[in-house]
Number of protein chains: 2
Amino acid sequence: MNKLLIVGTVAFDAIETPFGKTDKILGGAGTYIGLSASFFNLQSAIVSVVGDDFPQEYLDLLTARNIDISGLEVVKGGKTFFGSGLYHNDLNSRDTLAPELNVLADFQPKVPQNYKDADVVMLGNLHPLVQSSVLDQMDSKPKLVVLDTMNFWMDCALPELLDVIKRVDVITINDEEARQLSGEYSLVKAAAIIHEMGPKYVVIKKGEHGALLFHDKQIFFAPALPLEEVFDPTGAGDTFAGGFAGFITQSENVSFENMKNAIIYGSNLASFCVEKFGTERMIDLEQQEVQSRLKQFKSLTQFDIEI
Amino acid sequence: MNKLLIVGTVAFDAIETPFGKTDKILGGAGTYIGLSASFFNLQSAIVSVVGDDFPQEYLDLLTARNIDISGLEVVKGGKTFFGSGLYHNDLNSRDTLAPELNVLADFQPKVPQNYKDADVVMLGNLHPLVQSSVLDQMDSKPKLVVLDTMNFWMDCALPELLDVIKRVDVITINDEEARQLSGEYSLVKAAAIIHEMGPKYVVIKKGEHGALLFHDKQIFFAPALPLEEVFDPTGAGDTFAGGFAGFITQSENVSFENMKNAIIYGSNLASFCVEKFGTERMIDLEQQEVQSRLKQFKSLTQFDIEI
């Protein structure tokens with residue numbers, strides 16, 4: 001089985017949406033990526049850090065999904081990263097309240113020895129120096145390195161971010177971030193500028209409006225599945241990235257044509273994530289539901305005009 | 001050849017976008033629908049009204065496209081409808097300045113005798129009583145009636161609008177209008193409620209985010225083609241509707257599967273419309289460009305996951 005190395009937060013979240021609110025629940029980019037990638041035939045490991053306040057049941061939940069957590073450091077006496085988000089009516093605007101970095105502030109990632117030859121590396125949203133440090137520790141060049149990031153690092157650590165962006169094959173960011181990073185409003189122009197920064201593939205996530213994959217002059221688009229209700233968008237972007245990276249890892253094929261499929265798998269998994277609060281839906285999700293919803297994606301997008 | 005009857009304004013527009021501004025130029029829903037539908041193999045006629053200030057060259061432009069204008073009334077001493085729009089930076093928000101209704105205020109549509117048996121009727125955005133009056137004049141039930149409308153009529157003539165909506169097969173409206181008409185934020189729920197109002201097919205236009213077609217439990221999605229620059233969105237929705245109605249008229253097939261293709265044709269034509277000011281691009285557009293861009297739509301959306 002191919003190996004996927006995941007770097008990203010494993011954390012607590014508190015979420016409020018128009019449909020309700022939660023206490024401290026399981027969250028973090030690494031968690032969502034790991035859960036999403038666990039729907040593919042692969043070996044995966046998460047490199048991250050938590051405090052010793054992190055419940056054993058959450059760790060068990062990850063290992064039950066066959067996620068290797070030997071690279072998940074538990075800091076004695078430390079407190080786990082805690083983020084909270086308040087979503088407004090349209091679920092597109094979010095107030096991110098000041099996160100409690102806690103153990104994340106001094107995090108030095110350590111890649112497990114047996115993942116230094118991982119086939120695919122998924123660098124979840126974290127300080128770009130942490131993302132770079134993971135790449136530094138690899139013994140061999142992975143088949144594909146995917147990076148997710150956010151506007152926060154563009155504001156606070158742009159030089160370090162540009163350094164790590166140079167080293168990756170695929171970048172996934174949302175539309176506003178693509179505009180900020182490139183200085184261009186048009187997403188087509190923004191993608192072209194971001195290509196020049198390093199990544200051969202640029203994925204722009206537009207939330208409920210789908211996702212675009214850019215490669216040279218080629219573009220592919222995957223819609224978000226229209227849902228009766230989006231309950232909580234938390235983790236949708238990470239779940240998308242985990243599905244993308246997971247499918248590529250399983251299929252060992254980094255062609256543009258195969259990346260189209262990976263984008264569809266990512267969108268498919270993300271469409272489940274938003275149906276319940278936090279990780280809830282990803283935890284009770286069955287493989288068979290994933291397959292069945294792929295059919296919906298086909299009928300949603302496929303047409304038969306002869307050209 | 002099958003017949004398409006078009007009802008909609010033939011008018012003057014003045015447009016201002018971040019890329020420039022125009023004087024009074026050719027505009028109106030009927031004009032855009034007619035130009036767009038002229039790319040199909042069909043006979044078409046526009047029912048509308050202008051004043052005698054309307055230039056002969058604009059009338060010639062329509063007849064040069066084989067559009068029958070015997071139902072286009074020219075009011076002696078009357079002034080043509082004049083609308084103006086100011087688009088902001090993102091091109092999604094528009095200030096519609098108070099339109100000068102002029103001859104439109106007393107418009108009594110008259111369907112030409114040889115179009116009372118039209119195969120498809122495209123009711124462009126106009127007062128719902130005008131739209132109803134056109135349906136009243138038909139000798140036989142058309143194969144398909146498509147209605148476009150806007151929030152203005154929901155605010156000012158809701159009972160009349162609901163009356164005509166009951167009588168149509170397809171309604172095309174944008175996302176905000178779908179929410180206003182249904183009272184539901186979720187577009188899936190909104191479409192279900194609008195189905196109940198009469199139309200078996202609900203098309204929700206999302207501008208740069210594409211278009212959704214709803215029919216019972218089935219959904220189809222067509223993206224907007226990602227463009228380097230959207231120069232002027234004026235007329236894009238009408239061009240989309242004209243492409244949709246034109247393709248259906250030509251193909252004589254009102255199945256859901258064929259409507260998918262019609263939605264793609266509509267999106268395809270709209271992607272040209274926004275490349276220049278007003279009707280400029282639709283006037284210099286060649287059939288061959290339309291066909292060639294369909295290939296882009298295919299590679300943009302088609303994937304080959306085996307399920």
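Residues numbered from 1 in each chain as written. Chains lettered and ligands numbered in written order. Predicted model: local features only at pLDDT ≥ 70, side-chain atom pairs only at ≥ 80, totals over all residues. Heavy atoms only, no water.

Asks: What is the right way to look at the overall build of chain A in this model?
Replies: What chain A contains, in helices and strands, is 11 helices and 15 strands. Since a compact globule built from 307 residues should have a radius of gyration of about 19 Å, the 18 Å found for chain A is in line with a globular shape. On the principal axes, the C-alpha backbone points of chain A span a range of 65 × 45 × 40 Å. Evaluated residue by residue, chain A yields a buried proportion of 60% over its 307 residues. Long-range pairs, those at least 24 residues apart, make up 65% of the contacts in chain A with a sequence separation of at least 6. With an accessible surface of roughly 12,100 Å², chain A has 49% of that area assigned to carbon and sulfur atoms. Computing the positive centroid from 25 side-chain charges and the negative centroid from 42, chain A places the two 4 Å apart. (Helix = DSSP H or I, 4+ residues; strand = E, 2+ residues; numbered from the N terminus. Rg over C-alpha atoms; globule rule 2.2 N^0.38 Å. Buried < 20%, exposed > 50% of the residue type's maximum accessible area, 1.4 Å probe, protein only. Contact = heavy atoms within 4.5 Å. Areas by Shrake-Rupley, 256 points an atom, 1.4 Å probe, with all protein chains shown as cover. Lys, Arg positive; Asp, Glu negative; His and termini not counted. Charge placed at Lys NZ, Arg CZ, Asp CG, Glu CD.)

Asks: When you look at the interface of chain A and chain B in this model, what are you seeing that I'm missing?
Replies: Interfaces are often sized by the amount of accessible area the parts lose when they come together. With 36 residues of chain A at the contact, the number on the chain B side is 36 residues. The three residues of chain A that bury the most area against chain B are Phe 303, Ile 305 and Ile 307 of chain A, which together make up 20% of that side's buried surface. Here chain A is connected to chain B by 2 salt bridges. Close ionic contact of Lys 189 of chain A with Glu 229 of chain B constitutes a salt bridge, the shortest N to O distance being 2.6 Å. (Buried area = accessible area lost by both parts, 1.4 Å probe. Salt bridge = Lys/Arg side-chain N within 4 Å of Asp/Glu carboxyl O.)

Asks: I'm lost on the relation of the copies chain A and chain B in this one. Help?
Replies: Both copies of the chain are related by one operation, a rotation about an axis with a shift along it. Each copy of the sequence occupies a distinct position, and chain A is placed on chain B by a rotation of 180 degrees and an axial shift of 0.0 Å, giving an RMSD of 0.0 Å. In short, the pair behaves as if placed about a two-fold rotation axis. Comparing contact sets, 100% of the residues at the interface of chain A also lie at the interface in chain B, consistent with an isologous, same-surface contact. (Least-squares fit on C-alpha atoms with pLDDT ≥ 70 in both.)

Asks: Would you mind going over the packing of helix 3 (residues 128–136) of chain B against helix 5 (residues 158–165) of chain B with me for this structure?
Replies: If you want to describe how two helices pack, look at the angle between their axes and the distance between the axes. All names here are of chain B. Taken N-terminus to C-terminus, the directions of helix 3 and helix 5 make an angle of 30 degrees; their axes are 8 Å apart at the nearest point. Here helix 5 runs roughly parallel to helix 3, going by the angle between their axes. For the element pair helix 3 and helix 5, the recorded crossing hand is left-handed. Residue-level contacts link Pro 128, Leu 129, Gln 131, Ser 132 and Leu 135 of helix 3 to Glu 160, Leu 161 and Val 164 of helix 5. Considering only residue class, the contact of helix 3 with helix 5 consists of 5 nonpolar, 2 polar and 1 charged. (Axes fitted to C-alpha atoms, helices over the stretch in contact; angles between N-to-C directions. Parallel < 35°, antiparallel > 145°, perpendicular 65-115°, else oblique. Left-handed = near helix turned anticlockwise from the far one by under 90°. Nonpolar A, V, L, I, M, F, W, Y, C, P; charged D, E, K, R; others polar.)

Asks: Could you clarify how one ought to interpret unusual backbone geometry in this entry?
Replies: Where the residue is not glycine, phi is negative for most of them; where a peptide bond is considered, it is trans in most cases. At Glu 252 of chain A, a residue that is not glycine, the phi angle is positive and equals roughly 55 degrees. Note on placement: Glu 252 of chain A falls in the loop between helix 8 (236–251) and helix 9 (256–273). With a phi angle near 50 degrees, Asp 216 of chain B is a residue other than glycine that sits in the positive phi range.

Asks: Looking at this model, I keep getting lost on the side chain of Ser 48 of chain B. Mind explaining?
Replies: Residue and element names in this part refer to chain B. Along the chain, the position of Ser 48 falls in strand 5 (residues 43–51). For Ser 48, the side chain forms a polar contact with the main-chain oxygen of Gly 8, separated by 2.7 Å. Non-local contacts of Ser 48, meaning those with residues more than four positions away in its chain, are made with Gly 8, Thr 9, Val 10, Gly 71, Leu 72, Glu 73 and Phe 107. (Polar contact = N/O pair within 3.5 Å; in protein donor to acceptor, adjacent residues only side chain to side chain.)

Asks: I tried to follow helix 6 (residues 175–182) of chain A on my own but got confused; where do I start?
Replies: Since the α-helix packs 3.6 residues into each turn, any two residues three or four apart lie on the same face. Residues and elements named next belong to chain A. Judged by how many residues are buried, helix 6 sits mostly within the fold: 6 of 8 residues are covered. For helix 6, the complete set of buried residues consists of Asp 175, Glu 177, Ala 178, Arg 179, Leu 181 and Ser 182. The inward-facing, buried residues of helix 6 contact helix 4 (151–156), helix 5 (158–165), strand 12 (170–174), helix 7 (187–196) and strand 13 (201–205).

Asks: How should the nonpolar core be read in this particular structure?
Replies: Soluble globular proteins: nonpolar side chains tend toward being buried together. Counting residues in hydrophobic clusters, the biggest one holds 210 residues, and the most contacted among them are Leu 5 and Leu 123 of chain A together with Leu 5 and Leu 123 of chain B. For Leu 5 of chain A, the contacting residues outside a window of four places in its chain are Ala 45, Val 47, Val 111, Tyr 115, Ala 118, Val 120, Val 121, Met 122, Val 134 and Met 138 of chain A. (Core = buried A, V, L, I, M, F, W, Y, C linked by side-chain atoms within 4.5 Å.)

Asks: Looking at this structure, how should I read helix 6 (residues 175–182) of chain B?
Replies: Residues and elements named next belong to chain B. Here the buried face of helix 6 lies against helix 4 (151–156), helix 5, strand 12 (170–174), helix 7 (187–196) and strand 13 (201–205). In this structure Asn 174 caps helix 6, since a side-chain oxygen of it lies 3.0 Å from the backbone nitrogen of Glu 176. With its phi angle positive at about 75 degrees, Gly 183 sits one or two positions after the end of helix 6.

Asks: How should the pairing of strand 8 (residues 82–87) of chain B be read in this particular structure?
Replies: Look at any regular strand and the pattern is simple: side chains alternate between the two faces of the sheet. Residue and element names in this part refer to chain B. Where burial is concerned, most of strand 8 is hidden: 5 out of the 6 residues are buried. Strand direction decides the pairing type here: strand 2 (residues 11–17) and strand 8, joined by 5 bridges, are parallel. Residue Asp 13 lies in a different strand from strand 8, and its bridge partner there is Gly 83. (Pairing = 2+ DSSP bridges.)

Asks: Help me out: how do you make sense of the packing of aromatic side chains in this one?
Replies: We describe a pair of aromatic rings using the distance from one ring centre to the other and the angle between the two ring planes. All chains considered together, the criterion is met by 20 aromatic pairs over all chains. With a centroid separation of 5.0 Å and 80 degrees between ring planes, the pair formed by Phe 231 of chain B and Phe 277 of chain B is classed as edge-to-face. Of this pair, Phe 231 of chain B sits in the loop between strand 15 (218–222) and helix 8 (236–251) while Phe 277 of chain B sits in the loop between helix 9 (256–273) and helix 10 (280–284); the two residues are 46 residues apart in sequence, bridging distant segments of the chain. According to the relative accessible area criterion, Phe 231 of chain B is partly exposed, its value standing at 24%. Put simply, the rings of Phe 12, Phe 54 and Tyr 58 of chain A pair up and form one aromatic cluster. In this structure, Lys 3 of chain A is placed above the aromatic ring of Tyr 115 of chain A, and the distance from its NZ or CZ to the ring centre is 5.6 Å. The ring of Phe 272 of chain A is capped by Arg 293 of chain A, whose NZ or CZ atom sits 3.8 Å from the centre of that ring. (Phe/Tyr/Trp six-rings, centres within 6.5 Å; stacked < 30°, edge-to-face > 60°. Lys NZ or Arg CZ within 6 Å of the ring centre and 35° of its normal.)

Asks: When you look at the side chain of Asp 238 of chain A in this model, what are you seeing that I'm missing?
Replies: Residue and element names in this part refer to chain A. Among the structural elements, Asp 238 can be located in helix 8. Of the side chains with opposite charge, Lys 205 lies nearest to the buried Asp 238, which makes no salt bridge, at 5.7 Å. When residues no more than four places from it in sequence are discounted, the contact partners of Asp 238 are Ala 29, Tyr 32, Ile 33 and Asp 148.

Asks: Before we go on, may I ask you to explain the pattern of salt bridges in this structure?
Replies: Side chains that carry opposite charge are capable of pairing whenever their charged atoms lie near each other. Residue and element names in this part refer to chain A. Taken as a whole and judged by the stated rule, the model has 30 salt bridges over all chains. The partner of Arg 167 in a salt bridge is Asp 136, with the nearest N and O atoms 2.9 Å apart. Residue Arg 167 is found in the loop between helix 5 and strand 12, and its partner Asp 136 is found in helix 3 (residues 128–136); the two are separated by 31 residues along the sequence. Exposure remark for Arg 167: the relative accessible area of 37% places this residue in the partly exposed category. Residue Asp 136 is classed as exposed on the basis of its relative accessible area of 54%. In this structure, the salt-bridge partner of Glu 275 is Arg 281, at a minimum N-O distance of 2.8 Å.

Asks: I would appreciate a short explanation of the environment of Ile 307 of chain A in the present structure.
Replies: Structurally, Ile 307 of chain A can be placed in the segment after helix 11 (287–301). The class of Ile 307 of chain A is partly exposed, set by a relative accessible area of 47%. Apart from residues lying up to four places away in sequence, Ile 307 of chain A is in contact with Gln 291, Leu 294, Lys 295 and Lys 298 of chain B.

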